[in-house]
2 protein chains.
Amino acid sequence: MTRARLLEVAIAHFGRRGFEGASTRDIAAAAETAMSSITYHFGGKEGLYLACADHIAAQVRERQTEAFALFVDAAALTREDAIARILLIGDSMAVMMLHPASADWARFIVREQQDPTEAFDRLWEGVMKDLLLGVQALLSRVCPDHSQPELRALALLLFGQVMVLRSARASVCRALEVDELGPDEAALLRKRLRRNTIAVLNAETEE
Amino acid sequence: MTRARLLEVAIAHFGRRGFEGASTRDIAAAAETAMSSITYHFGGKEGLYLACADHIAAQVRERQTEAFALFVDAAALTREDAIARILLIGDSMAVMMLHPASADWARFIVREQQDPTEAFDRLWEGVMKDLLLGVQALLSRVCPDHSQPELRALALLLFGQVMVLRSARASVCRALEVDELGPDEAALLRKRLRRNTIAVLNAETEE
DNA sequence: GTCTATACTACGATAGAC
DNA sequence: GTCTATCGTAGTATAGAC
(Lines give C-alpha, C1' and ligand atoms only; values in the text may rest on other atoms or scores of the structure.)
Protein backbone atom coordinates (compact mmCIF):
# COMPACT_ATOMS: atom_id res chain seq x y z
CA MET A 1 0.00 0.00 0.00
CA THR A 2 1.55 3.24 -1.17
CA ARG A 3 -0.86 5.17 1.01
CA ALA A 4 0.06 3.33 4.20
CA ARG A 5 3.76 3.53 3.45
CA LEU A 6 3.49 7.27 2.85
CA LEU A 7 1.71 7.76 6.19
CA GLU A 8 4.30 5.86 8.15
CA VAL A 9 7.22 7.67 6.52
CA ALA A 10 5.50 11.05 6.77
CA ILE A 11 4.91 10.74 10.52
CA ALA A 12 8.62 10.13 11.01
CA HIS A 13 9.65 12.99 8.75
CA PHE A 14 7.10 15.53 10.03
CA GLY A 15 7.89 14.50 13.59
CA ARG A 16 11.59 15.10 13.17
CA ARG A 17 11.63 18.18 10.99
CA GLY A 18 8.22 19.76 11.37
CA PHE A 19 5.70 20.63 8.71
CA GLU A 20 7.85 23.15 6.88
CA GLY A 21 11.13 21.35 7.49
CA ALA A 22 9.99 18.04 6.08
CA SER A 23 10.00 17.82 2.31
CA THR A 24 7.55 15.92 0.15
CA ARG A 25 10.49 14.92 -2.02
CA ASP A 26 12.20 13.16 0.86
CA ILE A 27 8.98 11.59 2.08
CA ALA A 28 8.12 10.24 -1.35
CA ALA A 29 11.65 8.95 -1.86
CA ALA A 30 11.73 7.22 1.54
CA ALA A 31 8.33 5.67 0.79
CA GLU A 32 9.72 4.54 -2.56
CA THR A 33 7.10 6.27 -4.63
CA ALA A 34 6.71 9.41 -6.73
CA MET A 35 6.13 12.82 -5.20
CA SER A 36 2.84 13.15 -7.03
CA SER A 37 1.43 10.14 -5.13
CA ILE A 38 1.07 12.51 -2.20
CA THR A 39 -1.14 14.77 -4.28
CA TYR A 40 -3.16 11.81 -5.44
CA HIS A 41 -3.73 10.20 -2.03
CA PHE A 42 -3.84 13.22 0.26
CA GLY A 43 -4.36 16.23 -1.97
CA GLY A 44 -1.01 17.75 -1.03
CA LYS A 45 1.42 18.27 1.79
CA GLU A 46 -1.15 19.66 4.23
CA GLY A 47 -3.60 16.84 3.59
CA LEU A 48 -0.84 14.37 4.30
CA TYR A 49 -0.01 16.17 7.55
CA LEU A 50 -3.60 16.01 8.81
CA ALA A 51 -3.88 12.38 7.78
CA CYS A 52 -0.80 11.71 9.92
CA ALA A 53 -2.60 13.15 12.96
CA ASP A 54 -5.63 10.94 12.37
CA HIS A 55 -3.41 7.92 11.90
CA ILE A 56 -1.52 8.59 15.12
CA ALA A 57 -4.73 9.04 17.11
CA ALA A 58 -6.10 5.74 15.80
CA GLN A 59 -2.79 4.00 16.43
CA VAL A 60 -2.44 5.16 20.04
CA ARG A 61 -6.06 4.33 20.76
CA GLU A 62 -5.57 0.84 19.40
CA ARG A 63 -2.36 0.33 21.32
CA GLN A 64 -4.05 1.46 24.55
CA THR A 65 -7.19 -0.63 24.13
CA GLU A 66 -6.63 -2.39 27.43
CA ALA A 67 -6.03 0.93 29.18
CA PHE A 68 -9.23 2.42 27.76
CA ALA A 69 -11.12 -0.66 28.97
CA LEU A 70 -10.11 0.31 32.52
CA PHE A 71 -12.26 3.44 32.29
CA VAL A 72 -15.60 1.62 32.20
CA ASP A 73 -17.80 1.75 35.28
CA ALA A 74 -15.34 4.04 37.07
CA ALA A 75 -18.12 5.43 39.24
CA ALA A 76 -18.85 2.01 40.71
CA LEU A 77 -15.31 1.25 41.86
CA THR A 78 -13.89 1.20 45.35
CA ARG A 79 -11.09 3.66 46.05
CA GLU A 80 -8.53 0.86 46.06
CA ASP A 81 -9.69 -0.47 42.70
CA ALA A 82 -9.63 3.02 41.21
CA ILE A 83 -6.04 3.47 42.41
CA ALA A 84 -5.07 0.10 41.01
CA ARG A 85 -6.50 1.04 37.62
CA ILE A 86 -4.73 4.39 37.59
CA LEU A 87 -1.46 2.62 38.30
CA LEU A 88 -2.08 0.17 35.45
CA ILE A 89 -2.90 2.96 33.01
CA GLY A 90 0.17 4.96 34.02
CA ASP A 91 2.40 1.95 33.59
CA SER A 92 0.83 1.13 30.25
CA MET A 93 1.51 4.68 29.07
CA ALA A 94 5.05 4.52 30.41
CA VAL A 95 5.75 1.27 28.57
CA MET A 96 4.48 2.86 25.38
CA MET A 97 6.59 5.96 25.87
CA LEU A 98 9.67 3.87 26.63
CA HIS A 99 9.21 1.70 23.54
CA PRO A 100 11.31 2.81 20.56
CA ALA A 101 8.28 2.68 18.25
CA SER A 102 6.71 5.67 19.99
CA ALA A 103 9.58 8.00 19.12
CA ASP A 104 8.27 9.11 15.74
CA TRP A 105 4.66 9.80 16.57
CA ALA A 106 5.56 11.26 19.95
CA ARG A 107 7.71 13.85 18.21
CA PHE A 108 4.71 14.71 16.07
CA ILE A 109 2.44 15.08 19.12
CA VAL A 110 4.90 17.09 21.20
CA ARG A 111 5.35 19.46 18.30
CA GLU A 112 1.59 19.96 18.00
CA GLN A 113 1.31 20.45 21.75
CA GLN A 114 3.61 23.41 21.60
CA ASP A 115 2.29 24.92 18.38
CA PRO A 116 -1.17 23.52 17.85
CA THR A 117 -2.63 23.48 14.37
CA GLU A 118 -5.71 21.75 13.05
CA ALA A 119 -3.80 18.50 13.54
CA PHE A 120 -3.90 18.98 17.30
CA ASP A 121 -7.70 19.07 17.27
CA ARG A 122 -7.66 15.67 15.64
CA LEU A 123 -5.18 14.28 18.15
CA TRP A 124 -7.16 15.70 21.05
CA GLU A 125 -10.57 14.51 19.87
CA GLY A 126 -9.11 11.24 18.65
CA VAL A 127 -7.42 10.04 21.84
CA MET A 128 -6.18 12.56 24.35
CA LYS A 129 -9.53 13.89 25.45
CA ASP A 130 -10.90 10.46 26.32
CA LEU A 131 -7.67 9.47 28.03
CA LEU A 132 -7.67 12.53 30.24
CA LEU A 133 -11.39 12.39 31.00
CA GLY A 134 -11.06 8.71 31.84
CA VAL A 135 -8.28 9.30 34.31
CA GLN A 136 -10.21 12.23 35.74
CA ALA A 137 -13.19 9.95 36.37
CA LEU A 138 -10.98 7.42 38.15
CA LEU A 139 -9.36 10.18 40.19
CA SER A 140 -12.75 11.44 41.31
CA ARG A 141 -13.28 8.03 42.90
CA VAL A 142 -9.99 8.39 44.77
CA CYS A 143 -10.54 12.03 45.78
CA PRO A 144 -14.31 12.53 45.80
CA ASP A 145 -14.01 15.89 47.55
CA HIS A 146 -11.85 17.51 44.89
CA SER A 147 -13.32 19.93 42.36
CA GLN A 148 -13.19 19.06 38.67
CA PRO A 149 -10.39 21.58 37.91
CA GLU A 150 -8.36 20.14 40.78
CA LEU A 151 -8.79 16.64 39.38
CA ARG A 152 -7.77 17.82 35.92
CA ALA A 153 -4.64 19.49 37.26
CA LEU A 154 -3.77 16.32 39.13
CA ALA A 155 -4.28 14.18 36.03
CA LEU A 156 -2.12 16.53 33.96
CA LEU A 157 0.82 16.50 36.35
CA LEU A 158 0.64 12.71 36.68
CA PHE A 159 0.76 12.50 32.89
CA GLY A 160 3.70 14.86 32.93
CA GLN A 161 5.78 12.27 34.72
CA VAL A 162 5.08 9.82 31.91
CA MET A 163 5.49 12.26 29.04
CA VAL A 164 8.89 13.42 30.26
CA LEU A 165 10.17 9.99 29.24
CA ARG A 166 9.67 11.08 25.63
CA SER A 167 9.62 14.86 25.61
CA ALA A 168 12.89 15.16 27.51
CA ARG A 169 14.44 11.87 26.43
CA ALA A 170 17.90 13.32 25.86
CA SER A 171 18.06 14.65 29.43
CA VAL A 172 16.75 11.37 30.83
CA CYS A 173 19.55 9.52 29.07
CA ARG A 174 22.18 12.05 30.14
CA ALA A 175 20.98 11.98 33.73
CA LEU A 176 21.05 8.19 33.85
CA GLU A 177 24.41 8.19 32.04
CA VAL A 178 23.35 5.92 29.19
CA ASP A 179 23.12 6.40 25.44
CA GLU A 180 19.65 4.96 25.29
CA LEU A 181 17.17 3.57 27.78
CA GLY A 182 17.55 -0.19 28.23
CA PRO A 183 15.55 -2.70 30.31
CA ASP A 184 17.26 -1.66 33.55
CA GLU A 185 16.48 2.02 33.11
CA ALA A 186 12.93 1.22 32.02
CA ALA A 187 12.37 -0.86 35.16
CA LEU A 188 13.84 1.87 37.35
CA LEU A 189 11.67 4.59 35.84
CA ARG A 190 8.49 2.52 35.89
CA LYS A 191 9.04 1.62 39.55
CA ARG A 192 9.61 5.26 40.39
CA LEU A 193 6.48 6.33 38.50
CA ARG A 194 4.42 3.75 40.35
CA ARG A 195 5.72 4.79 43.74
CA ASN A 196 5.24 8.48 43.03
CA THR A 197 1.69 7.92 41.90
CA ILE A 198 0.86 5.85 44.97
CA ALA A 199 2.36 8.52 47.21
CA VAL A 200 0.36 11.30 45.61
CA LEU A 201 -2.93 9.41 45.65
CA ASN A 202 -2.49 8.24 49.23
CA ALA A 203 -1.71 11.75 50.41
CA GLU A 204 -4.93 12.99 48.81
CA THR A 205 -6.91 10.15 50.34
CA GLU A 206 -5.76 10.77 53.88
CA GLU A 207 -7.28 14.23 54.20
CA MET B 1 22.71 45.46 18.45
CA THR B 2 22.05 43.50 15.29
CA ARG B 3 23.66 40.45 16.87
CA ALA B 4 21.37 40.42 19.91
CA ARG B 5 18.30 41.05 17.81
CA LEU B 6 19.22 38.19 15.52
CA LEU B 7 19.64 35.83 18.48
CA GLU B 8 16.29 36.67 19.96
CA VAL B 9 14.46 36.32 16.67
CA ALA B 10 16.34 33.15 15.74
CA ILE B 11 15.41 31.37 18.98
CA ALA B 12 11.76 32.04 18.24
CA HIS B 13 12.02 30.92 14.62
CA PHE B 14 14.15 27.82 15.26
CA GLY B 15 11.96 26.92 18.21
CA ARG B 16 8.80 27.05 16.15
CA ARG B 17 9.97 25.58 12.88
CA GLY B 18 13.15 23.69 13.65
CA PHE B 19 16.57 24.05 12.12
CA GLU B 20 15.59 23.11 8.58
CA GLY B 21 12.14 24.66 8.72
CA ALA B 22 13.32 28.08 9.81
CA SER B 23 14.74 30.24 7.06
CA THR B 24 17.59 32.68 7.40
CA ARG B 25 15.65 35.00 5.10
CA ASP B 26 12.73 35.19 7.52
CA ILE B 27 15.00 35.53 10.54
CA ALA B 28 16.94 38.38 8.98
CA ALA B 29 13.74 40.12 7.88
CA ALA B 30 12.17 39.80 11.34
CA ALA B 31 15.37 41.15 12.92
CA GLU B 32 15.23 44.00 10.41
CA THR B 33 18.63 43.34 8.94
CA ALA B 34 20.17 41.74 5.84
CA MET B 35 20.56 38.01 5.45
CA SER B 36 24.31 38.39 5.17
CA SER B 37 24.47 39.73 8.73
CA ILE B 38 23.98 36.14 9.86
CA THR B 39 27.07 35.11 7.92
CA TYR B 40 29.00 38.01 9.36
CA HIS B 41 28.05 37.49 13.01
CA PHE B 42 27.66 33.72 13.24
CA GLY B 43 29.33 32.30 10.16
CA GLY B 44 26.09 30.87 8.81
CA LYS B 45 22.84 29.20 9.73
CA GLU B 46 24.45 26.48 11.85
CA GLY B 47 26.59 28.94 13.79
CA LEU B 48 23.49 30.94 14.56
CA TYR B 49 21.72 27.81 15.77
CA LEU B 50 24.50 26.88 18.18
CA ALA B 51 24.73 30.46 19.42
CA CYS B 52 21.00 30.24 20.21
CA ALA B 53 21.65 27.24 22.45
CA ASP B 54 24.40 29.07 24.33
CA HIS B 55 22.20 32.12 24.70
CA ILE B 56 19.31 30.06 26.08
CA ALA B 57 21.55 28.29 28.59
CA ALA B 58 22.92 31.61 29.85
CA GLN B 59 19.44 33.12 29.98
CA VAL B 60 17.88 30.28 31.98
CA ARG B 61 20.82 30.19 34.35
CA GLU B 62 20.49 33.90 34.96
CA ARG B 63 16.76 33.67 35.46
CA GLN B 64 17.20 30.85 37.97
CA THR B 65 20.01 32.47 39.95
CA GLU B 66 18.03 32.28 43.17
CA ALA B 67 17.20 28.63 42.53
CA PHE B 68 20.85 27.75 41.88
CA ALA B 69 21.76 29.48 45.13
CA LEU B 70 19.61 26.92 46.94
CA PHE B 71 22.01 24.15 45.92
CA VAL B 72 24.90 25.33 48.10
CA ASP B 73 25.74 23.34 51.22
CA ALA B 74 23.07 20.76 50.44
CA ALA B 75 24.96 18.12 52.40
CA ALA B 76 24.67 20.16 55.62
CA LEU B 77 20.90 20.60 55.51
CA THR B 78 18.25 18.98 57.66
CA ARG B 79 15.71 16.85 55.83
CA GLU B 80 13.04 19.50 56.34
CA ASP B 81 15.23 22.25 54.92
CA ALA B 82 16.13 20.11 51.92
CA ILE B 83 12.44 19.49 51.23
CA ALA B 84 11.71 23.20 51.58
CA ARG B 85 14.41 24.01 49.06
CA ILE B 86 13.18 21.41 46.57
CA LEU B 87 9.71 22.91 46.82
CA LEU B 88 11.09 26.40 46.18
CA ILE B 89 13.09 25.24 43.17
CA GLY B 90 10.13 23.37 41.72
CA ASP B 91 7.91 26.39 42.12
CA SER B 92 10.52 28.67 40.60
CA MET B 93 10.75 26.39 37.59
CA ALA B 94 6.97 26.21 37.34
CA VAL B 95 6.67 30.00 37.39
CA MET B 96 9.24 30.19 34.61
CA MET B 97 7.45 27.56 32.53
CA LEU B 98 4.12 29.27 33.03
CA HIS B 99 5.47 32.67 32.01
CA PRO B 100 4.81 33.55 28.35
CA ALA B 101 8.46 34.52 27.83
CA SER B 102 9.58 30.90 28.17
CA ALA B 103 7.54 29.72 25.18
CA ASP B 104 10.17 30.41 22.54
CA TRP B 105 13.24 28.99 24.19
CA ALA B 106 11.28 26.08 25.65
CA ARG B 107 10.28 25.06 22.14
CA PHE B 108 13.94 25.11 21.20
CA ILE B 109 14.90 22.94 24.18
CA VAL B 110 12.08 20.43 23.76
CA ARG B 111 13.06 20.01 20.14
CA GLU B 112 16.66 19.31 21.09
CA GLN B 113 15.55 16.90 23.79
CA GLN B 114 13.83 14.73 21.22
CA ASP B 115 16.45 15.02 18.50
CA PRO B 116 19.66 16.07 20.16
CA THR B 117 22.34 17.78 18.09
CA GLU B 118 25.48 19.57 19.18
CA ALA B 119 23.15 22.27 20.53
CA PHE B 120 21.87 19.88 23.17
CA ASP B 121 25.38 19.40 24.57
CA ARG B 122 25.56 23.14 25.10
CA LEU B 123 22.17 23.25 26.79
CA TRP B 124 23.04 20.30 28.99
CA GLU B 125 26.46 21.54 30.04
CA GLY B 126 25.22 25.12 30.26
CA VAL B 127 22.31 24.64 32.68
CA MET B 128 20.52 21.36 32.77
CA LYS B 129 23.32 19.26 34.18
CA ASP B 130 23.84 21.53 37.19
CA LEU B 131 20.12 21.84 37.76
CA LEU B 132 19.63 18.10 37.84
CA LEU B 133 22.74 17.40 39.90
CA GLY B 134 21.70 20.09 42.35
CA VAL B 135 18.25 18.60 42.85
CA GLN B 136 19.82 15.17 43.13
CA ALA B 137 22.05 16.40 45.96
CA LEU B 138 19.05 17.85 47.81
CA LEU B 139 17.11 14.63 47.28
CA SER B 140 19.94 12.60 48.75
CA ARG B 141 19.42 14.56 51.96
CA VAL B 142 15.74 13.65 51.91
CA CYS B 143 16.26 10.00 50.98
CA PRO B 144 19.78 9.13 52.16
CA ASP B 145 19.21 5.41 51.61
CA HIS B 146 18.43 5.71 47.90
CA SER B 147 21.02 4.83 45.27
CA GLN B 148 22.21 7.53 42.89
CA PRO B 149 20.24 6.13 39.92
CA GLU B 150 17.11 6.05 42.09
CA LEU B 151 17.63 9.69 43.04
CA ARG B 152 18.16 10.64 39.41
CA ALA B 153 14.98 8.88 38.34
CA LEU B 154 13.09 10.66 41.10
CA ALA B 155 14.48 14.03 40.07
CA LEU B 156 13.57 13.40 36.43
CA LEU B 157 9.97 12.50 37.16
CA LEU B 158 9.56 15.49 39.46
CA PHE B 159 10.87 17.69 36.65
CA GLY B 160 8.44 16.01 34.31
CA GLN B 161 5.55 17.48 36.24
CA VAL B 162 6.99 20.95 35.66
CA MET B 163 7.98 20.46 32.06
CA VAL B 164 4.54 19.22 31.06
CA LEU B 165 3.35 22.79 31.60
CA ARG B 166 5.31 23.72 28.49
CA SER B 167 5.81 20.53 26.49
CA ALA B 168 2.11 19.65 26.53
CA ARG B 169 0.73 23.17 26.85
CA ALA B 170 -2.06 22.65 24.32
CA SER B 171 -3.41 19.67 26.28
CA VAL B 172 -3.12 21.54 29.57
CA CYS B 173 -5.24 24.35 28.15
CA ARG B 174 -7.77 21.95 26.62
CA ALA B 175 -8.05 19.98 29.84
CA LEU B 176 -8.60 23.13 31.90
CA GLU B 177 -10.99 24.46 29.25
CA VAL B 178 -9.19 27.75 28.68
CA ASP B 179 -7.49 29.31 25.66
CA GLU B 180 -4.40 30.20 27.64
CA LEU B 181 -3.25 29.78 31.21
CA GLY B 182 -4.20 32.74 33.39
CA PRO B 183 -3.44 33.53 37.06
CA ASP B 184 -6.13 31.14 38.30
CA GLU B 185 -4.84 28.20 36.33
CA ALA B 186 -1.25 29.03 37.29
CA ALA B 187 -2.17 29.06 40.98
CA LEU B 188 -4.03 25.78 40.65
CA LEU B 189 -1.16 24.03 38.88
CA ARG B 190 1.50 25.39 41.24
CA LYS B 191 -0.50 24.28 44.26
CA ARG B 192 -0.92 20.84 42.76
CA LEU B 193 2.78 20.57 41.96
CA ARG B 194 3.67 21.53 45.51
CA ARG B 195 1.29 19.03 47.06
CA ASN B 196 2.43 16.23 44.75
CA THR B 197 6.07 16.91 45.54
CA ILE B 198 5.42 16.92 49.27
CA ALA B 199 3.48 13.67 49.00
CA VAL B 200 6.26 11.95 47.07
CA LEU B 201 9.05 13.13 49.36
CA ASN B 202 7.13 12.29 52.53
CA ALA B 203 6.37 8.80 51.27
CA GLU B 204 10.07 8.22 50.64
CA THR B 205 11.00 9.57 54.04
CA GLU B 206 8.66 7.32 55.93
CA GLU B 207 10.26 4.06 54.90
C1' DG C 1 -2.77 4.54 -9.38
C1' DT C 2 1.80 5.62 -10.39
C1' DC C 3 5.16 7.62 -13.12
C1' DT C 4 8.21 11.62 -15.67
C1' DA C 5 8.76 16.31 -16.86
C1' DT C 6 8.44 20.88 -15.78
C1' DA C 7 6.88 25.53 -13.90
C1' DC C 8 7.67 28.50 -10.32
C1' DT C 9 9.08 29.85 -5.79
C1' DA C 10 12.21 29.97 -1.91
C1' DC C 11 16.39 28.34 0.14
C1' DG C 12 21.60 29.33 2.02
C1' DA C 13 25.91 31.23 0.76
C1' DT C 14 28.88 34.60 -1.01
C1' DA C 15 30.99 38.52 -3.56
C1' DG C 16 31.56 43.23 -3.55
C1' DA C 17 29.84 48.22 -2.82
C1' DC C 18 29.65 51.45 0.87
C1' DG D 1 29.26 46.26 10.12
C1' DT D 2 25.59 46.34 6.95
C1' DC D 3 23.77 46.43 2.55
C1' DT D 4 22.34 44.69 -2.56
C1' DA D 5 22.85 41.40 -6.18
C1' DT D 6 23.34 36.93 -7.74
C1' DC D 7 24.49 31.86 -8.07
C1' DG D 8 23.26 27.13 -7.60
C1' DT D 9 20.20 24.09 -5.22
C1' DA D 10 15.95 22.29 -3.48
C1' DG D 11 11.16 23.14 -2.39
C1' DT D 12 5.72 22.22 -3.85
C1' DA D 13 2.47 21.67 -7.26
C1' DT D 14 0.69 20.22 -11.56
C1' DA D 15 0.09 18.49 -16.27
C1' DG D 16 0.00 14.55 -18.92
C1' DA D 17 1.84 9.76 -20.42
C1' DC D 18 1.02 5.02 -19.32
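Whatever comes next refers back to the structure up there.
Asks: Explain the overall build of chain A to me, please; I cannot follow it from the model alone.
Replies: Each helix and strand in chain A was counted, giving eleven helices and zero strands. Helices (α) and strands (β) of chain A occur, in sequence order from the N terminus, as α-α-α-α-α-α-α-α-α-α-α. Relative to its full complement of 207 residues, chain A shows a buried share of 54%. Taking contacts inside chain A between residues at least 6 apart in sequence as the whole, the part at least 24 apart equals 69%. A total accessible area of about 9100 Å² is found for chain A, and carbon and sulfur atoms account for 52% of it. Positive and negative charge centroids in chain A, built from 24 and 29 side chains respectively, lie 3 Å apart.

Asks: What is the right way to look at the side chain of Gln113(B) in this model?
Replies: Among the structural elements, Gln113(B) can be located in helix H7 (residues 102-114). Among the residues examined, Gln113(B) registers a relative accessible area of 2% and is labelled buried. With near-sequence residues (within four places) excluded, Gln113(B) lies in contact with Ser167(A), Ala168(A), Arg169(A), Ala170(A), Ser171(A), Phe120(B) and Met128(B).

Asks: Can you walk me through the protein's contact with DNA strand C in this structure?
Replies: Around DNA strand C, a shell composed of 16 residues is seen, among which Thr2(A), Thr33(A), Ala34(A), His41(A) and Thr24(B) lie nearest. For DNA strand C, the fraction of protein-proximal atoms (within 4 Å) that sit in sugar or phosphate groups is 53%. In this structure, a phosphate oxygen belonging to DNA strand C sits 3.0 Å away from a side-chain N or O atom of Lys45(B). For the surface near DNA strand C, the element with the most residues is helix H3 (residues 36-42) of chain A, which contributes four residues. Its residues assigned to classes, the surface near DNA strand C shows four nonpolar, ten polar and two charged.

Asks: When you look at the environment of Phe120(B) in this model, what are you seeing that I'm missing?
Replies: Inspection of the secondary structure puts Phe120(B) in helix H8 (residues 118-142). Residues Phe120(B) and Arg16(B), spaced 104 residues apart in sequence, show a C-alpha to C-alpha distance of 16 Å. Setting aside its immediate chain neighbours within four residues, Phe120(B) contacts Ala170(A), Ser171(A), Arg174(A), Glu112(B), Gln113(B) and Met128(B).

Asks: Is there a simple way to explain the relation of the copies chain B and chain A in this structure?
Replies: Two copies of a chain can be linked by a rotation about an axis combined with a shift along that same axis. For these two chains of identical sequence, chain B goes onto chain A by a turn of 180 degrees and a shift of 0.0 Å along the axis, with RMSD 0.0 Å. Classification of the inter-copy transformation places it as that of a two-fold axis. Judged by C-alpha distance, Gly21(B) is the residue of chain B that lies nearest the rotation axis, at 1.8 Å. Residue by residue, 100% of the interface of chain B is reproduced at the interface of chain A, so both copies engage with the same surface.

Asks: I would appreciate a short explanation of the protein's contact with DNA strand D in the present structure.
Replies: Lining the immediate environment of DNA strand D, one finds 15 residues, of which Thr24(A), Arg25(A), Thr33(B), Ala34(B) and His41(B) sit closest. One of the side-chain nitrogen or oxygen atoms of Lys45(A) is found 3.2 Å away from a phosphate oxygen of DNA strand D. His41(B) has a polar side-chain atom sitting 2.5 Å from a phosphate oxygen of DNA strand D. With four residues, the single largest contributor to the surface near DNA strand D is helix H3 (residues 36-42) of chain B. Of the residues assigned to the surface near DNA strand D, the class counts are four nonpolar, nine polar and two charged.

Asks: Is there a simple way to think about the packing of helix H8 (residues 118-142) of chain A against helix H9 (residues 148-167) of chain A in this case?
Replies: Between two packed helices, the angle of one axis relative to the other and the distance separating the axes together describe the packing. Residue and element names in this part refer to chain A. Where H8 contacts H9, the two axes come as close as 9 Å, and the packing angle between them is 115 degrees. In this structure, H8 meets H9 at a crossing whose hand is right-handed. Along its contact with H8, which presents Leu131, Leu132, Val135, Gln136, Leu139 and Ser140, the element H9 presents Gln148, Leu151, Arg152, Leu154, Ala155, Leu156, Leu158 and Phe159. Its residues assigned to classes, the contact of H8 with H9 shows ten nonpolar, three polar and one charged.

Asks: Is there a simple way to explain the packing of aromatic side chains in this structure?
Replies: The description of an aromatic ring pair rests on the distance of the ring centres and on the angle between the ring planes. Under the defined criterion, the tally for this structure stands at twelve aromatic pairs over all chains. Taken together, the aromatic side chains of Phe14(A), Phe19(A), Tyr49(A) and Phe108(A) make up a single cluster linked through ring pairs. The ring of Phe19(B) carries Lys45(B) above its face, with NZ or CZ at 4.8 Å from the centroid. When the ring centre of Phe68(B) is taken as reference, the NZ or CZ atom of Arg61(B) above it lies at 4.7 Å.

Reading the values: rules and limits
- Residues numbered from 1 in each chain as written.
- Chains lettered and ligands numbered in written order.
- Predicted model: local features only at pLDDT ≥ 70, side-chain atom pairs only at ≥ 80, totals over all residues.
- Heavy atoms only, no water.
- Helix = DSSP H or I, 4+ residues; strand = E, 2+ residues; numbered from the N terminus.
- Buried < 20%, exposed > 50% of the residue type's maximum accessible area, 1.4 Å probe, protein only.
- Contact = heavy atoms within 4.5 Å.
- Areas by Shrake-Rupley, 256 points an atom, 1.4 Å probe, with all protein chains shown as cover.
- Lys, Arg positive; Asp, Glu negative; His and termini not counted.
- Charge placed at Lys NZ, Arg CZ, Asp CG, Glu CD.
- Near = heavy atom within 4 Å.
- Polar contact = N/O pair within 3.5 Å; in protein donor to acceptor, adjacent residues only side chain to side chain.
- Nonpolar A, V, L, I, M, F, W, Y, C, P; charged D, E, K, R; others polar.
- Least-squares fit on C-alpha atoms with pLDDT ≥ 70 in both.
- Axes fitted to C-alpha atoms, helices over the stretch in contact; angles between N-to-C directions.
- Left-handed = near helix turned anticlockwise from the far one by under 90°.
- Phe/Tyr/Trp six-rings, centres within 6.5 Å; stacked < 30°, edge-to-face > 60°.
- Lys NZ or Arg CZ within 6 Å of the ring centre and 35° of its normal.

Honestly, that's just the spatial picture; any functional story needs more than this.
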